[in-house]
Amino acid sequence: MAEVAQEKRSLRIADNDQARALFGQQDEHLRTLEKGLGVQVFSRGDELTITGPPEQVALAEDLLQRLLDLVRAGHGLSGQDIRYAAELAREGKVARLADMFQDTIVVTARGKPIRPKSLGQKRYVDAIRRHDMVFGIGPAGTGKTYLAMAMAIAAFKNREIGRIVLTRPAVEAGERLGFLPGDLQEKVDPYLRPLYDAVYDILGPEGFDKFTARGMIEVAPLAYMRGRTLDEAFIILDEAQNTTPEQMKMFLTRLGFGSKVVVTGDVTQVDLPRERESGLIQVQRVLDGVEGIAFVHLSERDVARHPLVNRIIQAYDAFEADKVPSVEDD
């Protein structure tokens, strides 16, 4: 058997801070690149050495240089960034890496820039910029709600809209909240807490209190949208897979002048009774091709959580694909 040709290339990094940012803690970023690109990467002093098959070495050198350029521009790199960058390199899409890093939507109260972390998320964010109504459909962890929230806060800060309205169906209570103890806020808080958490994370305690106290952010269950017309607002409907077709139609027709609507949901996690079709599933057929509306489908590749979340989603997808129908399913 012929021996596979090996090549060695070097990359010099004079700045120690830049080297540390590129290498990661205990060189974890380099180990990730080794695994993702099939090369060996060694660091000694200010020099990186890449060894492996010529094609992979060239790929790794190009990617490392692009990542170094991002570090020099002030961008931080996470382990997830490195894993995704390696995927893009293998697919010949590494040139798109800078597009994602340079697209800062808003900076959190703690100084953390919020940006798309995958090409799917970038496509989603661009769709929100270009359309008055966007449907973000995909599994948990793909950033659907969080990115929509960031876009809403950015639009408010840029004075493009006057308020933010966040809503989701309280499906577990059947939208009949009257029997629950407490005032309205106490009744709906358990169902709307994920929306509060996203706002809190972006704005921080002081910003959150200011926005909510002045009524600049309204959080309410979907049932309370009926009969309203929302002008100059950024409206987010979360967990939309749990709307009925009637609720979905009601919500979409709340759109007023100068407003933008983002609808998010995961069609594999419908909690409605079996006999009820999800409004999010139906609306894709109803509004397909309607001008001014965009549907963006995200996948496990866009998951921006712990790497295990991505693997769990893939495992469940494989399990469902191979599952043999039972007697109860017939």
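We now turn to the structure provided with this report. Predicted model only: the values in this text are computed from it and were never measured.

**As for the packing of helix α2 (residues 28–37) against helix α3 (residues 54–72)**
Step number 1: Running from N to C, α2 and α3 cross one another at 145°; their axes reach a closest spacing of 11 Å. Crossing hand, α2 versus α3: right-handed. Of the residues in α3, those touching α2 at L30, L33 and L37 are Q56, L59, A60, L63, L64 and L67.
Step number 2: In terms of residue class, the contact of α2 with α3 is built from eight nonpolar, one polar and no charged.

**Observations concerning the environment of V219**
Step number 1: Assignment of secondary structure puts V219 in strand β8 (residues 217–221).
Step number 2: Taking C-alpha positions, V219 is 10.0 Å from I235, a pair spaced 16 residues apart along the chain.

**Focus on the side chain of D302**
Step number 1: As for its position among the elements, D302 is in the loop between β11 (293–297) and α11 (307–322).
Step number 2: No salt bridge forms around the buried D302; measuring N to O, its nearest opposite-charge neighbour R123 is 5.4 Å away.
Step number 3: For D302, the residues in contact, after removing those within four places along its chain, are S118, G120, Q121, G141 and T142.

**As for helix α1 (residues 16–23)**
Step number 1: Taken together, the buried positions of α1 are occupied by Q18, A19, L22 and F23. End-on view of α1: buried residues confined to an arc of 125°, all on one side of the axis. Facing away from the buried side of α1 by more than 90 degrees, the exposed set consists of N16, D17 and R20.
Step number 2: Along its buried surface, α1 packs onto α2, β2 (40–44), β3 (47–52) and α3.
Step number 3: Residue D15 occupies the N-cap position of α1, its side-chain oxygen lying 2.9 Å from the main-chain nitrogen of D17.
Step number 4: Following α1 by one or two positions, G24 has its phi on the positive side, about 85°.

**A closer look at the sheet that holds β11**
Step number 1: Pairing is parallel across the open sheet formed by six strands, whose spatial order is β8-β7-β9-β10-β6-β11. Strands at the two margins of the open sheet, each flanked by one partner only, are β8 and β11. Here the strands of the sheet are splayed against their neighbours by 15° on average, with no regard to which way each runs.
Step number 2: Pairing of strand β6 (residues 133–137) with strand β10 (residues 260–265), which is carried by five bridges, proceeds in the parallel orientation. Note that in β10 the partner of I137 across the bridge is G265.
Step number 3: This element, helix α7 (residues 144–157), spans β6, β7 (163–168), β9 (233–237) and β10 of the sheet and lies at about 170° to β9.
Step number 4: Helix α10 (residues 279–286) rests against β6, β10 and β11 of the sheet, and its axis sits at about 125° to β6.

**Side note on the pairing of β9**
Step number 1: For β9, the tally of buried residues reaches five of five residues, placing the bulk of the element in the interior.
Step number 2: Where burial is concerned, the two faces of β9 agree: the one with A233, I235 and L237 and the one with F234 and I236 are both buried.
Step number 3: Sheet analysis places β7 next to β9, joined by five bridges and oriented parallel. Bridging across to β9, V165 finds its partner in I235.
Step number 4: Handedness of the β9-helix α9 (residues 245–252)-β10 crossover: right-handed.

**Here we look at the packing of aromatic side chains**
Step number 1: The full count for this structure, using the stated rule, is three aromatic pairs.
Step number 2: Pairing F135 with F295 gives two aromatic rings, centres 4.6 Å apart and planes at 15°, and the pair type is stacked. A residue pair is termed long-range when its members are at least 10 positions apart, and F135 in strand β6 and F295 in strand β11 qualify at 160 residues.
Step number 3: Here F295 falls in the partly exposed class, since its relative accessible area comes to 23%.

What counts and what doesn't
- Residues numbered from 1 in each chain as written.
- Predicted model: local features only at pLDDT ≥ 70, side-chain atom pairs only at ≥ 80, totals over all residues.
- Heavy atoms only, no water.
- Axes fitted to C-alpha atoms, helices over the stretch in contact; angles between N-to-C directions.
- Helix = DSSP H or I, 4+ residues; strand = E, 2+ residues; numbered from the N terminus.
- Left-handed = near helix turned anticlockwise from the far one by under 90°.
- Contact = heavy atoms within 4.5 Å.
- Nonpolar A, V, L, I, M, F, W, Y, C, P; charged D, E, K, R; others polar.
- Buried < 20%, exposed > 50% of the residue type's maximum accessible area, 1.4 Å probe, protein only.
- Lys, Arg positive; Asp, Glu negative; His and termini not counted.
- Salt bridge = Lys/Arg side-chain N within 4 Å of Asp/Glu carboxyl O.
- Arc of directions from axis to C-beta.
- Polar contact = N/O pair within 3.5 Å; in protein donor to acceptor, adjacent residues only side chain to side chain.
- Pairing = 2+ DSSP bridges.
- Right-handed = clockwise from strand over helix to strand, strands pointing away.
- Phe/Tyr/Trp six-rings, centres within 6.5 Å; stacked < 30°, edge-to-face > 60°.

Function-wise, these values are silent; they only describe arrangement.
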